[in-house]
Amino acid sequence: MEFPFDINHLFPERFSILDQTLVAGRKTAGMPHLQANIETVIDELGRASAKAQQLPASITSASKLQSQKHQLYLLKDVESNGGRGVVVGFLKVGYKKLFLLDRQGSHVEAEPLCILDFYIAENLQRYGYGRELFDFMLQHKKLKPVLMAYDRPSPKFLSFLAKHYCLTPSVPQANNFVVFEGFFVNISVAQLRKVPLRKPDGEIKPYSLMEREVVHQEQRARPWPFAPPHSPQRSVSSQCSPSLSGGSSPSRPRPQAAQVPALGRSREQSPQSPLLERCRERRSSSLNRSHQGLH
Ligand code: COA
């Protein structure tokens, strides 16, 4: 994702971690024009992510990040765009108090780290950048993916989790969050609290008020994952390949990291879109050529 300013100047490191302060490095602190550029980047990424997930509104923006205790991991590519760098994607995490259902159907209160938003620029997907960013976050948080909760993961993301981290199948929940087999086994007792089915002031609502809930109100009648049509869980069959340490995607030759500008980007590509299929065909034929030494 290109911007009309120098990304390398704004984000000195390949990975940046942004929080409420929106400060990416010492250089940007107290520099209003650089802060404004950081806000532009976050807003643009949030818009692109919402579009890719067909959300009616962004769940990530600079103002939201400033008002919530979330962290945003940002990955850039240093060399692209004539040495000015491009933004490859982002991952947003935060702790949420959730009422979850364990395998026995008991309500359990937990406050896990949640994946709240995740986006890699359209033209850079399936080249291993998502894995790189996710691994960086895991290292930084010293966490395993099974110990986290996932806010309404998209089919692409479910496929990603199955492929790279063997996370499948999930334990059905009554809210939009997904936790995987092993969550209740591995998370320490201290982090889980069994809650009675009825509180003195009424029944427990296993719904947590989340950003996604707001933008998905139209789907609340039958909350995912119980809605049968297009159930994302079906797309994560048994394609787990953790032993490949990154699977097939990261071994693909990466393209120049930005041919698509941030503004006026191309139409969103669904996994089934003909455009994506054509890109894939082109990519596999160029891969074949390079395997045969033909460039
Ligand atoms: N269709 C199906 N699966 C896809 C996919 C697509 N278009 N793009 C990525 N994946 C999954 C697959 O498992 C893929 O492995 P494969 O190519 O061998 O099938 C794997 O992710 C590739 O891993 P990697 O290259 O590290 O992931 P990535 O850089 O493409 O990043 C996402 C993964 C999900 C962040 C990225 O695809 C994305 O931004 N998607 C759009 C936004 C989104 O759905 N975000 C999730 C928010 S809940």
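The rules behind each value
- Residues numbered from 1 in each chain as written.
- Predicted model: local features only at pLDDT ≥ 70, side-chain atom pairs only at ≥ 80, totals over all residues.
- Heavy atoms only, no water.
- Helix = DSSP H or I, 4+ residues; strand = E, 2+ residues; numbered from the N terminus.
- Buried < 20%, exposed > 50% of the residue type's maximum accessible area, 1.4 Å probe, protein only.
- Contact = heavy atoms within 4.5 Å.
- Areas by Shrake-Rupley, 256 points an atom, 1.4 Å probe, with all protein chains shown as cover.
- Axes fitted to C-alpha atoms, helices over the stretch in contact; angles between N-to-C directions.
- Parallel < 35°, antiparallel > 145°, perpendicular 65-115°, else oblique.
- Left-handed = near helix turned anticlockwise from the far one by under 90°.
- Nonpolar A, V, L, I, M, F, W, Y, C, P; charged D, E, K, R; others polar.
- UniProt positions renumbered as here; feature names shortened; annotations may be inferred.
- Pairing = 2+ DSSP bridges.
- Core = buried A, V, L, I, M, F, W, Y, C linked by side-chain atoms within 4.5 Å.
- Near = heavy atom within 4 Å.
- Polar contact = N/O pair within 3.5 Å; in protein donor to acceptor, adjacent residues only side chain to side chain.
- Expected span 1.5 Å × (residues − 1).

**What to know about the overall build of the protein**
When its secondary structure is counted, the protein shows eight helices and 12 strands. For the protein, buried positions account for 51% of its 295 residues. Put simply, of all contacts in the protein between residues at least 6 apart along the chain, 70% involve residues at least 24 apart. Accessible surface computed for the protein: about 14800 Å², of which carbon and sulfur atoms make up 54%.

**Considering the packing of helix α4 (residues 129-141) against helix α5 (residues 155-165)**
Close contact between α4 and α5 brings their axes to 12 Å; oriented N to C, the two are set at 70°. Judged by the angle between their axes, α4 and α5 are roughly perpendicular. Of the two elements, α4 crosses α5, and the hand of that crossing is right-handed. On α5, the residues that touch Gly130, Arg131, Phe134, Asp135 and Leu138 of α4 are Phe157, Phe160, Leu161, His164 and Tyr165. Grouping the amino acids of the contact of α4 with α5 by side-chain chemistry returns six nonpolar, two polar and two charged.

**Description of the UniProt feature "site: Crucial for catalytic activity" (unreviewed entry) in the protein**
On the UniProt side, "site: Crucial for catalytic activity" (unreviewed entry) is annotated at positions that read Gln53 here. Checked against the element boundaries, Gln53 lands in the loop between α2 (32-52) and α3 (62-67).

**Considering the sheet that holds strand β3 (residues 86-95)**
Strand order in this open sheet of seven strands is β1-β2-β3-β6-β7-β9-β8, and the pairing throughout is mixed. Either end of the sheet is taken by a strand with one partner, and the two such strands are β1 (15-18) and β8 (170-171). Running over the sheet, α4 touches β1, β2 (71-77), β3, β6 (113-120) and β7 (149-151) and is turned about 135° from β2.

**Here we look at the nonpolar core**
One finds Leu91, Ile115, Phe134, Met137, Tyr150 and Leu161 to be the most contacted residues of the largest nonpolar core, which totals 43 residues. Top contributing element to this core by residue count: β6, with six residues. Excluding residues that lie within four positions of it along the chain, Leu91 makes contacts with Gln71, Leu72, Tyr73, Ile115, Asp117, Phe118, Leu133, Phe134 and Met137. Within the second largest apolar cluster, 23 residues are counted, among which are Phe3, Ala24, Val41 and Ala52.

**With respect to the site of the ligand**
Residues in contact with the ligand amount to 26 residues; listed here are only the nearest, Arg126, Gly128, Ser154, Ser159 and Lys163. One of the backbone N or O atoms of Arg126 is found 2.7 Å from an oxygen atom in the ligand. At 2.9 Å, a side-chain N or O of His164 approaches an oxygen atom of the ligand. When the ligand sits alone it has 900 Å² of accessible area, and the protein chains cover 94% of it. Top contributing element to the shell around the ligand by residue count: α5, with six residues. For the shell around the ligand, the class distribution of residues is 11 nonpolar, nine polar and six charged.

**Here's the deal with α5**
For α5, the tally of buried residues reaches nine of 11 residues, placing the bulk of the element in the interior. Two residues or fewer after α5 comes Cys166, characterised by a positive phi angle close to 60°.

**Here we look at α4**
With 13 residues, α4 should reach 18 Å at 1.5 Å per residue; the first-to-last C-alpha distance of 18 Å fits that figure. Within the span of α4, buried status applies to Tyr129, Gly130, Arg131, Leu133, Phe134, Met137 and Leu138. Immediately beyond the C-terminal end of α4, within one or two residues, lies Lys142, with a positive phi of roughly 50°.

**So, the environment of Gly83**
Inspection of the secondary structure puts Gly83 in the loop between β2 and β3. Taking relative accessible area as the criterion, Gly83 reaches 40% and is therefore assigned partly exposed. For the pair Gly83 and Ile7, spaced 76 residues apart in sequence, the C-alpha to C-alpha distance is 9.1 Å. Excluding anything up to four places from it in sequence, Gly83 contacts Asn8 and Val78.

**Structural notes on the side chain of Asp117**
Mapped onto the elements, Asp117 comes out in strand β6. Polar side-chain contacts of Asp117 include one of 2.6 Å to the side chain of Thr60.

**Concerning the environment of Leu74**
In this structure, Leu74 sits in strand β2. The exposure class assigned to Leu74 is buried, which follows from its relative accessible area of 0%. Counting along the chain gives 15 residues from Leu74 to Gly89, while the straight-line C-alpha distance between them is 6.0 Å. Leu74 has contacts with Phe11, Arg14, Phe15, Ser16, Leu18, Val41, Leu45, Val87, Gly89, Phe90 and Leu133, leaving out every residue within four places of it along the chain.

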